[in-house]
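# Summary of structural features
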Amino acid sequence: MDILDKFERFSIHLNVNKLDEKAHLRDSIRMTRSLKDHLNRETLPSPDNYHPHLLTIGSRATLDELHLGEVYEQKDDNSEVEIVAAGFKFGWVQGVLIRCLLNIWGVMLFLRLSWVVGQAGILQAILIVLLATAVTIFTSLSMSAISTNGQIKGGGTYYMISRSLGPEFGGAIGIIFALANSMGIALHTVGFCEALSDMLKEYFDIEIVDGGLNDIRIIGSITLVVLGAIVAIGMEWEAKAQLLFMGILIVALANFIVGSIMGPTTDDELSKGFIGYNLEIITTNFEPDYRVTNGLEQSFFTVFAIFFPAATGILAGANISGDLRNPSEAIPKGTILAIITTSFSYILFAIIAGATTLRDATGDPANYTVNGTVSEYMKTCENETCEWGLQNSYQVMTLVSAFGPLNYAGCFAATLSSALACFVSAPKIFQALCNDKIFPYLHFFGKGYGKNQEPLRAYALAFAIALACILIAELNTIAPLITNCFLASYSLINLSTFHVDLLKPVGWRPTFRYYNKWLSLLGFGLSVAAMFLCSWPTALVTSALVVTFFFIVRYRKPDVNWGSSTQVQVYKAALSSVQQFSTIEEHIKTYTPQILVMTGLPNMRPSLVDFAYLFCKNNSLMICGDILKERQSHKQRTERTQKSLHWLRAHKTKSFYSLMDNISFPNGVGAMLQATGVGKMKPNILLIGYQSKWKTSQNSEIDEYFTAINTALEMHIAVTILRVEEGLDYTGIIRDFDIKDLVKEKPIKEGIDNPTFENSRESDDTATFPTFDTAESIESQGSEIKGETKFPSPTESAADKKKRMKKSRIVFKDPQGNELPDEVQNNICRFRMKQKRGTIDVWWLYDDGGLSMLLPHILTTRSNWAKSKLRVFCLADDNEEQLTKQKSMRLLLEKFRIPVSDVVVIHDMTHPPSKQTKIWFDNLTSEFVRKDDDPSNADSNIPVIKESELLAQKHKTFNFMRLRELLLQNSLEANLVVMTLPISQKGIVSGPLYMCWLETLTASMPPFLLVRGNHTSVLTFHS
């Protein structure tokens, strides 16, 4: 059925006559409009919308613009993104392939490959090359996967590892790798100097000083200055020099192959061990012959350690990733092709050297004849010292070449090109590391100059390191040091790929498919094993440096977010742990207080946050709850959340933050208790501040506060209420908190449990935790600050108290930036400071499951409260033996393993309150008590207590009056009072009367915590 038939079939059900009576579109004509008009506010997919530097400009329409019709001012593109000239960029051939070839065909090819064959023999020399190739090919596959998983910027290996494994591993290996490349400059420069010194001695019989190490030091220093001048001029000149070196190198390698085919042309060449292709030589040189060199007995792995720097050039292209036109395409293609080419050539040249040259030769033509046999030639070195041959001379390639001077030219080209590549790589890596500001005091070296942002300061640093290594002047000493650094880098590249591919985050989508995580793991294992087999002392030093730098970065916690695989691991580990935890049955012994503390904006109530954190630090879950009656836009919610989280982080408080808007306070509390957390990681205690302004609040506001308490109890959530005489809310008193100030701030090193927590820089805003003008929150505390606490210890002098408080607080400022008075500062920091010697009085009136006893015990385990001893008060009948009750309570607490200093039995609780207390209570309620039929009760601006309710609850009220008398008598000088929170039967007691009861208990007292558990045991006798 075609479309027309379908339309006709559908139109049968339409009444066209009725359509004429209404607005319709069937006769309307669509005008031709531009695509821009058609899109309205929508945005077409574009690379600009996904560029990390353009995300803040707002090129893509926001949901608020499309859904709510909000209009934001367009930002100037230039105001957000600094436009930097692109400069000179390389393709994959010139930028990667040629650089890798020049680095791999380096000093080891011309000066040490023949020695490797002499020591290890042809077979094991091939195995050494293949082992090095295996490490490098696995690493290149891993590197190719990482480099094709998104855009690669400057920094090469450092950039890839840091963005894959995070700043800790990236920063550690960045320093090591930059150091290795700096030493690589010296390695190749010393190789150049060795070849030049040999050439001067052989052809011109010239010695500068001694023809040995001092000559190398002099030539090396001069060469280093020239190389530094070339790279300082710019990448274009360095690239042109590389092309010239590449041409010379290819000709020199061809010259070696041709010379091996031609065979010896003079008796001098024959006397130095060059025999030409000979089956007997191949048989003799096929087996290893490890000897002592420079006082060290050689083995397979010591020879591998000296040779391995020949394979380290695979990162030459990746190290200048910022100067490549398309790094994601260039790095895999150029690197892998270079490894295949050079590995084949190394094996070929090793076979040629072993098949044409003796291990030992005297250099005396009289000992060698054209008709002699290899056995005869070998016997000549049994009775005299031989200075030529594979084992004794580093110039075998020159000897075998058709034209010796051309081989020197190739050696010069290989060594100088490799030195140039290292001279470019090391500063580029170091510049990227410095610009990320992972380590302190290093950003000075990150400054770039010119259109290509050349790191001249980093060049100077690399120059200094290289010069120090050149003064060593021993190639065999420098090579193992570099080998370990490069192997450490390779191991982490392989680990990066294995780690991210094992976790498989959604963002892991490399376009390079020819990799495998198990090959990457094998590459990691081979690299680490090779490190220790080559030189275990050096490997230990390298590993120690990596670990040291790792923990330095972890301790500093740089403010970076690169989406590393370690973040994915944290997420998956947390998810797995929560899921596993949800399947475990709860047990009394594993109970932990998980607190939802209603702070509003945390920076408004720092002392409430500090108090809650005393229970949760390193122990359990803490969530700061914020409830707003007004609706907040997405932008407002985001800003409020970010500000709170940054403040908590700056305040060294490990807590979550939860915001609910467009909801009343009791409903918000109920919703938070149900919705926050996941699985069993959710609040089991509600902590709220005392509503200090309840006497001037409307009935509805008090009822909301009262309803929130009842809501939590109905959900079987424990409720705690904290009151301090000066109030907890510092809105308008302390300065606002600005996230931008964190950039300038010095990180706070100590935490809430450290008595020396202070800010020594009084002019710094580091510890200025201001307040926000929030919406009305029903848990709001009074903003009136009444000064220092009224309950000083009679045994503590004023000077000692001032010293104790000053040591343990940070500096807060008012909205104008002035430092607040000491009394206010001390009140804000009261729960952060070291407490004076005293008691925590626990009035364990009713059995609520033991929470009233557990929470104060947790407090005493904190170092700031270590001098506060628990003193327990319990009730007993008049006719009950006081001593018996005291013993039974002590025995109970001993079984709970809770140490207490004293147990006080209250046996006169049922006595009537005094007349003065009744008068005090009547004065408290005089303005609130109304007749039941008073018409103003419904819309009163102050709390209302009906006469009938007051009289009906007379006995309970008398109990609270009596408790007040006992509190004033026993606990007026305690550091903290903890009492079981009274519960009123739902629907029987109103909010205002309940607040009168709480006021009766807590007024004019030290810091007071009311606790009511959910009547499920949180203490147990059993181990």
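Going by the structure above, here's the rest.
Below is a short write-up of the structure. Going along each chain's sequence as written, the residues are numbered from 1 onward. Two thresholds apply to this predicted model, a pLDDT of at least 70 for residue-level local features and 80 or more for giving and counting side-chain atom pairs, whereas whole-chain, interface and lining totals are computed over all residues. In computing side-chain values, all of the structure's heavy atoms are included and hydrogens and water are not.

Our next topic: a nonpolar patch on the surface. Nonpolar side chains (Val, Leu, Ile, Met, Phe, Trp, Tyr) are joined into patches within 5 Å and like charges within 9 Å, using only residues with over 30% relative accessible area and no salt bridge. Accessibility throughout is a Shrake-Rupley quantity obtained with a 1.4 Å probe, and a residue counts as covered only by protein chains that appear here. In the sections that follow, a salt bridge refers to a side-chain nitrogen of Lys or Arg positioned within 4 Å of a carboxyl oxygen of Asp or Glu. Nonpolar side chains collect at one region of the surface, where Ile208, Val209, Ile218, Ile222 and Val226 lie side by side and expose about 420 Å² of accessible area between them. Looking at where Val209 falls in the secondary structure, it is placed in the loop between helix H10 (167-204) and helix H11 (213-233). Helix and strand assignments come from DSSP, with helices taken as H or I runs of at least 4 residues and strands as E runs of at least 2, each series counted from the N terminus.

Another point: the sheet that holds strand E14 (residues 1008-1012). Pairing between the strands of a sheet is mediated by backbone hydrogen bonds and can be parallel or antiparallel. One bridge is not enough; two strands pair if DSSP finds at least two bridges between them. Ordered by their spatial adjacency, 10 strands build an open sheet running E5-E4-E3-E6-E7-E14-E13-E8-E9-E10, and the pairing between neighbours is mixed. One side of each edge strand has no neighbouring strand; the edge strands of this open sheet are strand E5 (656-660) and strand E10 (902-906). Pairs of neighbouring strands in the sheet enclose a mean axial angle of 20°, with direction left out of account. Where helices are involved, their axes are fitted lines through C-alpha atoms of the stretch in contact, as for all axes, and angles between N-to-C directions lie from 0 to 180°.

A large share of strand E13 (residues 976-980) lies buried, amounting to five of its five residues. Burial classes: relative accessible area under 20% of the type maximum marks a residue as buried, over 50% as exposed, and values in between as partly exposed (1.4 Å probe, protein chains only). Of the two faces of E13, the one holding Leu976, Val978 and Thr980 and the one holding Val977 and Met979 are both buried throughout. Of the strand pairs in this sheet, strand E8 (residues 838-843) and E13 are connected by four bridges, and their pairing is parallel. Across the sheet, Val842 pairs through a bridge with Val978, a residue of E13. Across four bridges, E13 lies against E14 in parallel orientation. Bridge pairing in E14 places Val977 opposite Phe1008. With its strands directed away from the observer, a crossover is right-handed exactly when the path from the first strand over the helix to the second travels clockwise. Note that the unit made of E13, helix H36 (residues 991-1002) and E14 has a crossover that is right-handed.

Attention now goes to the nonpolar core. The term nonpolar core refers to a set of buried residues drawn from Ala, Val, Leu, Ile, Met, Phe, Trp, Tyr and Cys, joined through side-chain atoms within 4.5 Å. In terms of nonpolar packing, the biggest core is built from 146 residues, with Leu109, Phe110, Phe307 and Tyr346 touching the most fellow members. In terms of residue count, H10 provides more of this core than any other element does, 18 residues in total. Residues count as neighbours in contact if any of their non-hydrogen atoms are within 4.5 Å of one another. Phe110 has contacts with Leu249, Ala252, Leu253, Tyr394, Met397, Asn407, Gly410, Cys411 and Ala414, leaving out every residue within four places of it along the chain. Core analysis: the second largest hydrophobic core is formed by 54 residues, Leu621, Met672, Ile702 and Met961 among them.

With that out of the way, let us pick up the pattern of salt bridges. All chains considered together, the criterion is met by 21 salt bridges. Note that Asp289 is salt-bridged to Arg291, the shortest N-O span being 2.8 Å. Here Asp289 falls in the partly exposed class, since its relative accessible area comes to 25%. In this structure, Lys333 engages Glu329 in a salt bridge whose closest nitrogen and oxygen atoms are separated by 3.1 Å. In this pair, Lys333 and Glu329 both sit in helix H16 (residues 327-356), four residues apart, roughly one turn of the helix. Judged by relative accessible area, which is 36%, Lys333 ranks as partly exposed. Salt bridges here are not isolated pairs; linked through shared partners, they connect Asp289, Arg291 and Asp360.

Function cannot be read off these values alone, since they describe shape.
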